[in-house]
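Analysis of the macromolecular model
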Amino acid sequence: MRYRVVWFKRDLRLHDHAPLAAAAQDGPVLCLYVVEPGLWVQPDASARQWGFVRESLQDLDRELRARGGRLMVCVGEVVEVLARLHARAAFVAVHAHEETGNGWTYARDRAVAAWCRAHGVAWREWPQFGVVRGLRERDGWQRRRDAFMAEPPVPLPPRIHAVGGSDDLAVLPAACDLGLSDGDAPRRQRGGRREGLLVLGDFLRQRSRHYRGGISSPLTATSACSRLSPYLAQGCLGLREVEQATQAQLAILPPDVTSQRLGLQGFQSRLAWHCHFIQKLESEPELEWRNLHRGYDGLREDGWSAERFEALVQGRTGWPLVDACVAMLRETGWLNFRMRAMLVSVAAYPLWLHWREVGLWLARQFVDYEPGIHWSQLQMQSGTTGINTTRVYNPVKQARDQDPQGHFVRRWLPAMRRVPDAWLFEPWRMPEETQARCGVRVGDDIPRPVVDLDVALREAKARMHALRARPEVQAGEADVVRRHASRAGRREQPARRRSAAERAQQELF
Ligand SMILES: Cc1cc2nc3c(=O)[nH]c(=O)nc-3n(C[C@H](O)[C@H](O)[C@H](O)COP(=O)(O)OP(=O)(O)OC[C@H]3O[C@@H](n4cnc5c(N)ncnc54)[C@H](O)[C@@H]3O)c2cc1C
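Residues numbered from 1 in each chain as written. Predicted model: local features only at pLDDT ≥ 70, side-chain atom pairs only at ≥ 80, totals over all residues. Heavy atoms only, no water.

1. Thoughts on the domain arrangement of the protein chain
The domain boundaries assigned to the protein chain delineate domain 1 (4–126), domain 2 (193–283) and domain 3 (288–506). Here the C-alpha centre of domain 3 lies 25 Å away from the C-alpha centre of domain 2. On the domain 3 side, the residues contacting the 20 residues of domain 2 number 27 residues. Of the roughly 2,100 Å² buried where domain 2 meets domain 3, counting both sides, 66% is carbon and sulfur surface. Per-residue buried area on domain 2 facing domain 3 is highest for P218, F277 and K280; these three make up 29% of the total on that side. The interface formed by domain 2 and domain 3 holds zero salt bridges in total. Put simply, domain 2 and domain 3 have five residue pairs in polar contact (both at pLDDT 80 or more) between them. Within the residue set of the side of domain 2 that touches domain 3, elements represented by two or more residues are α9 (218–224), α10 (229–233) and α12 (258–283). The element that contributes the greatest number of residues to the side of domain 2 that touches domain 3 is α12, accounting for eight residues. Considering only residue class, the side of domain 2 that touches domain 3 consists of eleven nonpolar, seven polar and two charged. (Domains from an automatic or database assignment. Contact = heavy atoms within 4.5 Å. Buried area = accessible area lost by both parts, 1.4 Å probe. Salt bridge = Lys/Arg side-chain N within 4 Å of Asp/Glu carboxyl O. Polar contact = N/O pair within 3.5 Å; in protein donor to acceptor, adjacent residues only side chain to side chain. Helix = DSSP H or I, 4+ residues; strand = E, 2+ residues; numbered from the N terminus. Nonpolar A, V, L, I, M, F, W, Y, C, P; charged D, E, K, R; others polar.)

2. What to know about the sheet that holds strand β3 (residues 71–75)
A sheet is described by the order of its strands in space; here five strands give the open sequence β3-β2-β1-β4-β5, paired in parallel fashion. Both outer strands of the open sheet, β3 and β5 (122–126), are each paired with one neighbouring strand and no more. Sheet twist, expressed as the average angle between the axes of neighbouring strands with direction ignored, equals 30°. Pairing geometry for strand β1 (residues 4–8) and strand β4 (residues 93–97), over three bridges, is parallel. Paired with V5 across the two strands is V94, which belongs to β4. Contacts from helix α3 (residues 47–66) reach β1, β2 (29–35) and β3, with the element oriented near 165° to β2. (Pairing = 2+ DSSP bridges. Axes fitted to C-alpha atoms, helices over the stretch in contact; angles between N-to-C directions.)

3. Things to note about the packing of helix α7 (residues 193–205) against α12
At a closest axis distance of 10 Å, the pairing of α7 and α12 adopts a crossing angle of 135°. For the element pair α7 / α12, the angle class is oblique. In this structure, α7 contributes F203, L204 and R205 to the contact, and α12 contributes Q260, L264 and F267. Of the residues in the contact of α7 with α12, the class split is four nonpolar, one polar and one charged. (Parallel < 35°, antiparallel > 145°, perpendicular 65-115°, else oblique.)

4. Digging into the pairing of β5
Bridge analysis of β4 against β5 gives five bridges, and the strand direction is parallel. Each bridged residue has a counterpart across the sheet, and for H95 the counterpart in β5 is R124.

5. Focus: the pattern of salt bridges
Scanning all chains against the criterion turns up 32 salt bridges. With a closest N to O distance of 2.7 Å, D401 and K397 form a salt bridge. Pair noted here: D401 and K397 are both in helix α18 (residues 395–402), with a separation of four residues, about one helical turn. A relative accessible area of 29% places K397 in the partly exposed class. A cluster of three or more residues bridged by salt bridges with shared partners is formed by K9, R10, E36, E99, R108, D109 and E370. (Buried < 20%, exposed > 50% of the residue type's maximum accessible area, 1.4 Å probe, protein only.)

6. Concerning the site of the ligand
The full set close to the ligand counts 28 residues, and Y211, S226, R227, D368 and E370 are the nearest of them. Between the ligand and L228, the relevant distance is 3.3 Å, taken from an oxygen atom to a main-chain nitrogen or oxygen of the residue. Between the ligand and E370 there is a distance of 3.0 Å, counted from an oxygen atom to a backbone nitrogen or oxygen. The fraction of the free accessible surface of the ligand (830 Å²) that becomes covered by protein chains is 98%. (Near = heavy atom within 4 Å. Areas by Shrake-Rupley, 256 points an atom, 1.4 Å probe, with all protein chains shown as cover.)

7. As for unusual backbone geometry
Even without being glycine, D16 reaches a positive phi, approximately 50°. Phi at R227 is positive, roughly 65°, even though this residue is not glycine. As for its position among the elements, R227 is in the loop between α9 and α10. Judged by relative accessible area, R227 falls into the buried class, the value being 15%.

8. Topic: helix α16 (residues 355–365)
Buried residues dominate α16, accounting for eight of its eleven residues. Among the residues of α16, those classed as buried are W355, V358, G359, L360, W361, L362, A363 and Q365. Looking at the buried positions of α16, the neighbouring elements they touch are α3, α13 (306–313), α14 (320–332), α15 (337–348) and α17 (371–382).

9. Re the pairing of β2
For β2, a buried count of seven out of seven residues is recorded, marking the element as mostly surrounded by other parts of the structure. Side-chain alternation along β2 places V29, C31, Y33 and V35 on one buried face and L30, L32 and V34 on a second face that is also buried. Strand direction decides the pairing type here: β1 and β2, joined by five bridges, are parallel. By the bridge assignment, V6 is partnered in β2 with C31. You can see the chain leave β1, run along helix α1 (residues 18–25) and come back into β2, and the turn it takes is right-handed. Relative to β3, β2 runs parallel, the two being bridged by five bridges. (Right-handed = clockwise from strand over helix to strand, strands pointing away.)

10. Comments concerning the packing of aromatic side chains
Within this structure, the stated rule accounts for eleven aromatic pairs. Aromatic pair Y3 and F91: ring centres 5.8 Å apart, planes at 70°, arrangement edge-to-face. Of this pair, Y3 sits in the segment before β1 while F91 sits in the loop between α4 (78–88) and β4, placing them 88 residues apart in sequence. When sorted by exposure, Y3 lands in the same class as F91, which is buried. An aromatic cluster is defined as three or more aromatic residues linked by ring pairs; in this entry it consists of Y3, F91 and W115. The ring of W352 is capped by R463, whose NZ or CZ atom sits 4.4 Å from the centre of that ring. (Phe/Tyr/Trp six-rings, centres within 6.5 Å; stacked < 30°, edge-to-face > 60°. Lys NZ or Arg CZ within 6 Å of the ring centre and 35° of its normal.)

11. A word on the environment of Y33
Looking at the element boundaries, Y33 is found in strand β2. Those residues in contact with Y33, other than ones at most four positions away along the chain, are F8, K9, L12, W40, W50, V53, L57, L71, M72, V73 and C74.

12. A closer look at the environment of L85
By the secondary structure assignment, L85 is in helix α4. Its relative accessible area of 6% is what places L85 among the buried residues. Separated by 399 residues in the primary sequence, L85 and H484 have C-alpha atoms spaced 41 Å apart.

Printed below as a string of structure tokens:
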């Protein structure tokens, strides 16, 4: 029997699934998901991500069964699994979506392509976002991305002629079987397309009216943001599907519904950023572990402090907003953009930690870990791209702006509930007698800041500016712009081209 293998990876849906549609049109298909032990022991993988994938696989299997198909789940490395299946009954092709993943998945995809070549099996891949493979520079990219998003979704045949499959999904390993001992996030979002569609519908119809103005504060962001990121990261929802559903919602809004219109338009621009950032990693996979602008090599490599890193990871930096964000992340696996950026900025500037280890820790925390967005953002917020404004988020200023009454920090840090309002933002300055009166000991119930914030920020800024002033660093910026910068406006430009006043305005002290 001539059949094709459809290899599901981070595309756990049937809707708008070009590899499946093409295979199902040509005859019987084997729908395969491989639980790869090698993937799950990578330093960016975590139990919470696996928990989300596990639920998504169960949902995918339900969907497939409704169309006469089923999902085969195998545990092993992909090349071995393919070899085993091929020996049992030879298939003619392997179909999959292109994946822009980490270095490990990149090498694994090359190994799969090589195995297919060696065994006379066709290896076919389709894009699933507006990310262009083999792109050398950014001119013309936006046009190609928008054209992809405007195409109609790929239709699926109503019934799938399936081969193989396990009888149930009991074979799905538990996190500990994969060596994931870091524990799930008890209040994370649940996986699966069904959940994803509910979140999408609720956002488009209701919550999007709070998007504009609601996404910056961690208090309002949990409901004002779309919360679609894990569903997009694991492909339970397609990006094109979300983009087109947003367009359709905009089209039916009455003209006087301004807040929702603005919210949906702001959301659309984030969807474009999704592809823009993933394109960077697609074009330059090395940015996962080395500076985008090589002139920044050596900046933080020697300054590693295990003690400062541990304070961050344990949520004991002493800056309440930072520690509350870490507590929320541990529990839910999600944070809004501004708080993610603030965590990285605090790590990069006052704590002076290199972005790679910080990025691995955060990747494991995020249920929605998407390597292309993640590593590009890590570098951007750490100031090593050479083309973005230095954004130094002061955690005390952020707390005053985003959580002025302290509701957020008191929710996540019980000891802060006893701290009087007057000391909310800098509790370490509380006089001894106030500490005794409210029953909170600084250095015990509440950590003392690991470094003096003002001094550390001043030093960090001075180091950055000194490096930026070097002619060889300035000379490298144009090359980064050519390869990676957005052509949509002046959002990403060499740092030196902006005036000092403009720079000062954008630094968030
Ligand atoms: C240091 C750092 C690391 C990040 N790591 C990730 C990650 O691993 N995975 C991830 O999906 N997002 C990441 N982001 C981007 C952003 O914070 C999240 O996409 C967002 O918080 C997810 O919540 P949402 O879906 O409700 O966002 P919404 O605001 O509703 O946005 C909708 C979608 O647009 C995309 N998007 C939103 N903001 C950005 C952005 N700044 N850049 C690129 N795409 C964006 C995402 O796909 C998101 O799901 C990171 C940001 C920072 C600063």
